[in-house]
Amino acid sequence: MYDEKAHLPDGIAGLILKSSTPTMPQRVVGRNGVLAGAEFDNIAHEYRSLHAANIKISGESPEYFAEYKIRDVAALTAGEKVSRILDFGAGIGASVPYFRRYFPEAGLTCVDVSKVSLNIGESRFPGQATFQLFDGRTLPLSDESFDLVFAACVFHHIDHAEHVSLLQELHRVLRPRGRLVIFEHNPLNPLTVHAVNTCPFDENAKLVTARVMCARFKAAGFPNPIITYRIFFPHILEKLRPLEAHLAWLPLGAQYFVAAKKS
Ligand SMILES: C[S@@+](CC[C@H](N)C(=O)[O-])C[C@H]1O[C@@H](n2cnc3c(N)ncnc32)[C@H](O)[C@@H]1O
């Protein structure tokens, strides 16, 4: 079994506001100072703890953020046939338990460029998904083999020049009328920007607005993408959360998702 604590450096919370601290996880730097593709290999064992500390101000856990996304996807796809799901950039498998809860009958494939993350995911959730390494360009998956493709907080870690071609890859593996749902941090929300700027594993992140993501969906062949803004209230204001359903249009939520069907 994967034991996260066994891999934790001391005083991990102290890392959060000091990204230059010498105890930062080592990073793989390629030519021209650009990080190599699998930068998450270097922080995979600390990923959950770093994430938890970074979002502490929200009063919620990484599991809260993982679950709301899958609950939203389940609501969006209610009544549709969803028996094959791809979690693109699945990392250490944060979404796996919630896919199992909300889509208990569906097959789940998790892909990522980080082998270490996938290994951790597989040891946390044995037998609950298939974990496959991805070269960052061509998915090792057949055309039209998924009903639903999902990605959570992945695209801001990918060079923007590659977004459209990767969205085309996701389009290729979706069946006709299948859905693509991409969740991202909203760069128009100041608290989100602060969290990203102080998060060690977001050091190289380049956020993307929902409008730009929509334009990239269209360029990749998805005709009618829809934006939904999410996460307006921290835990301390949770009583106000029922209002969020009426705020989906307001570009101030901490996160958003763009969803579209393949024609
Ligand atoms: C912030 S983590 C999110 C992980 C997971 N989706 C979650 O919600 O916890 C970003 C993930 O994207 C992965 N990633 C980065 N570039 C990628 C690429 N080109 N293709 C697929 N995954 C990628 C990283 O390895 C990392 O696991």
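Before reading on, note that the structure itself is shown above.
### Points about the overall build of the protein
Phase 1: On a plain count of helices and strands, the protein comes out with 7 helices and 7 strands.
Phase 2: When the elements of the protein are put in sequence order from the N terminus, they spell out α-α-β-α-β-α-β-β-α-β-α-α-β-β.
Phase 3: In the protein, which comprises 263 residues, the proportion classed as buried is 39%.
Phase 4: Taking as baseline every contact in the protein between residues at least 6 positions apart, the subset at least 24 positions apart corresponds to 68%.

### Considerations on the sheet that holds strand β6 (residues 226-230)
Phase 1: Taken in spatial order, the 7 strands make up an open sheet running β3-β2-β1-β4-β5-β7-β6, and their pairing is mixed. Where the open sheet ends on each side, the last strands, each with one partner, are β3 (130-133) and β6. Each neighbouring strand pair of the sheet contributes to a mean axis angle of 20°, computed without reference to strand direction.
Phase 2: Bridge count between strand β4 (residues 146-152) and strand β5 (residues 174-185): 6 bridges; the pairing is parallel. Looking at β5, one finds that A152 is bridged to F183.
Phase 3: The strands that helix α2 (residues 62-76) touches are β4, β5 and β7 (255-261); relative to β5, the one it contacts most, it runs at about 145°.

### A word on helix α1 (residues 47-54)
Since the α-helix turns once every 3.6 residues, residues separated by three or four places project in the same direction.
Phase 1: Those residues of α1 that sit buried are Y47, S49, L50, H51 and N54.
Phase 2: As for α1, its buried residues are in contact with α2 and α6 (190-197).

### A word on the site of the ligand
Phase 1: Near the ligand lie 18 residues; those nearest to it are F40, G89, G91, A94 and A152.
Phase 2: Split into classes, the residues belonging to the shell around the ligand amount to 10 nonpolar, 7 polar and 1 charged.

### Digging into the packing of helix α5 (residues 163-173) against helix α7 (residues 210-219)
Phase 1: Running from N to C, α5 and α7 point in directions that differ by 55°, and their axes come no closer than 8 Å. One finds that α5 runs oblique with respect to α7. Handedness of the crossing formed by α5 with α7: right-handed. Together, H163, V164 and L167 of α5 and R216, F217 and A219 of α7 make up the contact between the two elements.

### Digging into the nonpolar core
Phase 1: Judged by nonpolar contacts, the single largest core of 63 residues is most densely connected at I85, V149, F150, L180, I182 and V258.
Phase 2: It is β4 that provides the largest number of residues to this core, a total of 6 residues.

### A few points about the pairing of strand β1 (residues 84-88)
Phase 1: With 5 of 5 residues buried, β1 is to be regarded as a mostly interior element.
Phase 2: Along β1, one buried face is formed by R84, L86 and F88 and the opposite face, lined by I85 and D87, is buried too.
Phase 3: In this sheet, strand β2 (residues 107-112) lies alongside β1 in parallel orientation, the contact comprising 5 bridges. Bridging from a neighbouring strand, L86 pairs with T109 of β2.

What counts and what doesn't
- Residues numbered from 1 in each chain as written.
- Predicted model: local features only at pLDDT ≥ 70, side-chain atom pairs only at ≥ 80, totals over all residues.
- Helix = DSSP H or I, 4+ residues; strand = E, 2+ residues; numbered from the N terminus.
- Buried ≥ 20, exposed ≤ 12 C-beta atoms within 10 Å, placed from the backbone.
- Contact = placed C-beta atoms within 7 Å.
- Pairing = 2+ DSSP bridges.
- Axes fitted to C-alpha atoms, helices over the stretch in contact; angles between N-to-C directions.
- Near = placed C-beta within 6 Å.
- Nonpolar A, V, L, I, M, F, W, Y, C, P; charged D, E, K, R; others polar.
- Parallel < 35°, antiparallel > 145°, perpendicular 65-115°, else oblique.
- Left-handed = near helix turned anticlockwise from the far one by under 90°.
- Core = buried A, V, L, I, M, F, W, Y, C linked by C-beta atoms within 7 Å.

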